[in-house]
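Here's the letter readout for the chains.
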Amino acid sequence: MKTLSVLLFVALAFAPRSNGQGPQIDQANVVDTSGGFAGQSVNSWNQLSQTFTAGKSGRLMEVDLQLVAFGDLSQATNDLTFTVSRLASLNTPVGVTLATVTLHPADLPHLDQAGYDSRYLMPIYFSAPPVISQGNFFSLTLTSAQPWNSGCYYDWILTQSVNIDRYPPGDAWENNNLTGWYKQSYQVDYGFQTYVAPVPEPSSLWLLGPACLVLIKLKRCHMKENTSFSRRRHQNEIKTGL
């Protein structure tokens, strides 16, 4: 038992730590919507994308987008497709797809009766969070088959500062009429934020392997001893006529 306690202490002492914290905000460009906002529509004729540069390495656990659905919501008949891609550079939002999530219109923040809401941040989670690396480039892309001339619109909120770049590590892109991607003018960016959870370092994980194997072996030995003891006791009871 002493050996078991020592192994447990070593495994726990040198196990990977996350500083007692969960996923942390990495990149963010959250637009203040308290006084109104501007946005661009995602529909069958228009696709939008925001590039960013990762500041942390780890698993991309969550992405929040500032989205809003407005108009006649009964005409919201098509989903949106959200895609995370790894890029070779910030010169294009097209790259290697890392994750894809379907967004349903009913889940989008809706323009409330007063005309404004609290930031309109929609959290998006992944069934298999992709791993990203600090300094690498990525894009967040929205597409939809929602008719451009329907009475319901899906808008991605963007910064309104003219010629003031609120998010220098990335850019807003648009594929209007599906003719090709181009960078938005006036240095605007779409509203978003990312959450990253650190991945345990392999150098510390190796300590857990041997400890776990020893624990399994000790457990099996303990079970064998109990089984042998029970058999001997049963045989003695038979001999003594108990």
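Criteria and thresholds
- Position numbers for residues count from 1 along each chain, tracking the sequence in the order it is written.
- Selection of residues for local features in this predicted model requires a pLDDT of at least 70, selection of side-chain atom pairs for listing and counting requires 80 or more, and totals for whole chains, interfaces and linings are taken over all residues.
- To get the side-chain values, all heavy atoms of the structure are used, and hydrogens and water are removed first.
- Segments assigned H or I by DSSP are reported as helices when at least four residues long, segments assigned E as strands when at least two residues long, and all are numbered from the N terminus.
- Categorising residues by exposure relies on relative accessible area from a 1.4 Å probe, with only protein chains included: less than 20% of the type maximum marks a residue as buried, more than 50% marks it as exposed, and the intermediate range marks it as partly exposed.
- In this description, contact between two residues means that some pair of their heavy atoms is separated by no more than 4.5 Å.
- Surface accessibility follows the Shrake-Rupley procedure with a 1.4 Å probe radius. Residue values consider only the protein chains on display as shielding.
- Two rings from Phe, Tyr or Trp (for Trp, the six-membered ring) form a pair when their centres are within 6.5 Å of each other. A pair whose planes differ by under 30 degrees is stacked, one over 60 is edge-to-face, and the rest are tilted.
- Between any two strands, at least two bridges found by DSSP are needed for them to pair.

Draft legend 1. The arrangement of the overall build of the protein chain in detail. Across its full length, the protein chain carries 3 helices and 13 strands. Counting over 242 residues, the protein chain shows a buried share of 37%. In the protein chain, of all internal contacts separated by at least 6 residues, the share reaching a separation of at least 24 is 83%. Carbon together with sulfur atoms contributes 56% to the accessible area of the protein chain, which is approximately 14,000 Å² in total.

Draft legend 2. Looking closely at the packing of aromatic side chains. A full pass over the atoms with the stated rule returns 8 aromatic pairs. When the centroid spacing of 5.5 Å and the interplanar angle of 25° are considered together, the rings of Phe52 and Phe138 count as stacked. Taken together, the residues span a long stretch of sequence, with Phe52 in strand 3 (residues 46-53) and Phe138 in strand 9 (residues 137-144) at a distance of 86 residues. Across this residue pair, the class does not change: Phe52 and Phe138 are buried. Following the ring pairs from residue to residue traces out a cluster consisting of Phe52, Phe138, Tyr167 and Phe192.

Draft legend 3. Looking closely at the pairing of strand 10 (residues 152-158). Burial analysis of strand 10 places 6 of its 7 residues in the buried class, which makes it a mostly covered element. When strand 2 (residues 38-41) meets strand 10, the two strands line up antiparallel, connected through 4 bridges. For Ala38, the partnering residue across the bridge sits in strand 10 and is Leu158. Strand direction decides the pairing type here: strand 4 (residues 58-71) and strand 10, joined by 5 bridges, are antiparallel. Looking across to strand 10, one finds that Ala69 is bridged to Tyr154.

Draft legend 4. Quick look at the sheet that holds strand 11 (residues 172-176). Strand order in the open sheet made by the 6 strands is 6-5-9-3-11-12, with antiparallel pairing throughout. The two strands at the open ends of the sheet, each matched to only one other strand, are strand 6 (96-103) and strand 12 (182-183). The pairing of strand 5 (residues 80-87) with strand 9 spans 8 bridges and is antiparallel. Among the inter-strand pairings, Val84 is bridged to a residue of strand 9, identified as Leu140.

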